[in-house]
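# A structural walkthrough
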Amino acid sequence: MHPTKNDISLKVRTQVISYLSPLLADALALKLQTKQAHWNVKGENFIALHELFDKVASEVEDDADMIAERIVQLGGEAKGTARSIAKESRLIEYPFTIADGQKHAFALSAAIASFNEIGREAIDKIDDLGDAITTDMLTQIVRGLDKQLWFVESHLKEQAGAKRSQVA
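What comes next is a walk through the structure. For clarity, every value in this text was computed on a predicted model and none was experimentally measured. What you see as residue numbers is a count from 1 along each chain, following the sequence as written. With the structure being a predicted model, the display of local features is reserved for residues of pLDDT at least 70 and the display and counting of side-chain atom pairs for 80 or more, all residues being used for whole-chain, interface and lining totals. Side-chain measures here rest on the full set of heavy atoms in the structure, leaving out hydrogens and waters.

Secondary structure is summarised from DSSP: a helix means a run of H or I of at least four residues, a strand means a run of E of at least two, and numbering begins at the N terminus for each. Here Thr4 lies in the segment before helix H1 (10–40). Accessibility expressed as a relative area gives 31% for Thr4, which makes it partly exposed. Separated by 143 residues in sequence, Thr4 and Lys147 have C-alpha atoms that sit 35 Å apart. Burial classes: relative accessible area under 20% of the type maximum marks a residue as buried, over 50% as exposed, and values in between as partly exposed (1.4 Å probe, protein chains only).

In this analysis, the expected span of each helix is defined as 1.5 Å times one less than the number of residues it contains. Here helix H4 (residues 101–129) spans 42 Å end to end across 29 residues, near enough to the 42 Å set by a 1.5 Å rise per residue. Polar contacts here mean pairs of N or O atoms no more than 3.5 Å apart (in protein, one a potential hydrogen donor and the other a potential acceptor; neighbouring residues in sequence count only if both atoms are side-chain atoms). N-capping of H4 is provided by Asp100, with a side-chain oxygen placed 3.0 Å from the backbone N of Gln102. Gly130, located one to two residues past H4, shows a positive phi value of around 90°.

When two helices pack together, their arrangement is given by the angle between the helix axes and by the axis-to-axis distance. For helices, the fitted line uses only the C-alpha atoms of the stretch in contact; every axis is such a line through C-alpha atoms, and the angle between N-to-C directions lies from 0 to 180 degrees. Running from N to C, H1 and helix H5 (residues 132–153) point in directions that differ by 20°, and their axes come no closer than 13 Å. In terms of their interaxial angle, H1 and H5 are classed as roughly parallel. Crossing angle aside, the handedness with which H1 passes H5 is left-handed. Taken together, the residues of H5 that come into contact with H1 (itself represented by Val16, Leu20, Leu23 and Leu30) are Thr134, Met137, Leu138 and Leu145. Under the scheme applied here, ten amino acids are nonpolar (Ala, Val, Leu, Ile, Met, Phe, Trp, Tyr, Cys and Pro), four are charged (Asp, Glu, Lys and Arg), and all others, including Gly, are polar. Taken together, the residues of the contact of H1 with H5 sort by class into seven nonpolar, one polar and no charged. Any angle from 65 to 115 degrees is called roughly perpendicular, while one under 35 is roughly parallel, one over 145 is roughly antiparallel, and all others are oblique. What makes a crossing left-handed is the near helix being turned counterclockwise from the far one by less than a right angle; a clockwise turn instead makes it right-handed. In what follows, residue pairs with any heavy atoms lying within 4.5 Å of each other are defined as contacts.

Take a look at the structure:
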């Protein structure tokens, strides 16, 4: 931890960072998964999905930046290298074998939903620690990605009974 005059106790800052660091890896992984979909989508709704996936990737990149900056504000070190992302991210690997727009929308919606589930858990834990600023920031991030999830899911023809872990 680097020194800071932030008035949140060292103990709380350390705990908050322990929730934010893997969430940063998840956000960076989600951004890369979104770009994977953006680059490889094909089909009748190509342009709509291509542009939507790029918009989602941009929002997730901004979210990752907020998380990284909050880690540093609290005295921690933001880790955003490819190796740190691969080591710490809890998101499942994005499938490389798909091109169809429906399959990309399904896989990407599963990834966004997983990130948001992890984000909501972090919100609750950090709220219990009393860090309202970080809780507010994460609420803003999850709120925005809930909206992006809605946009991505609107491209799915069938959603009923579909499980997030089924992507192929």
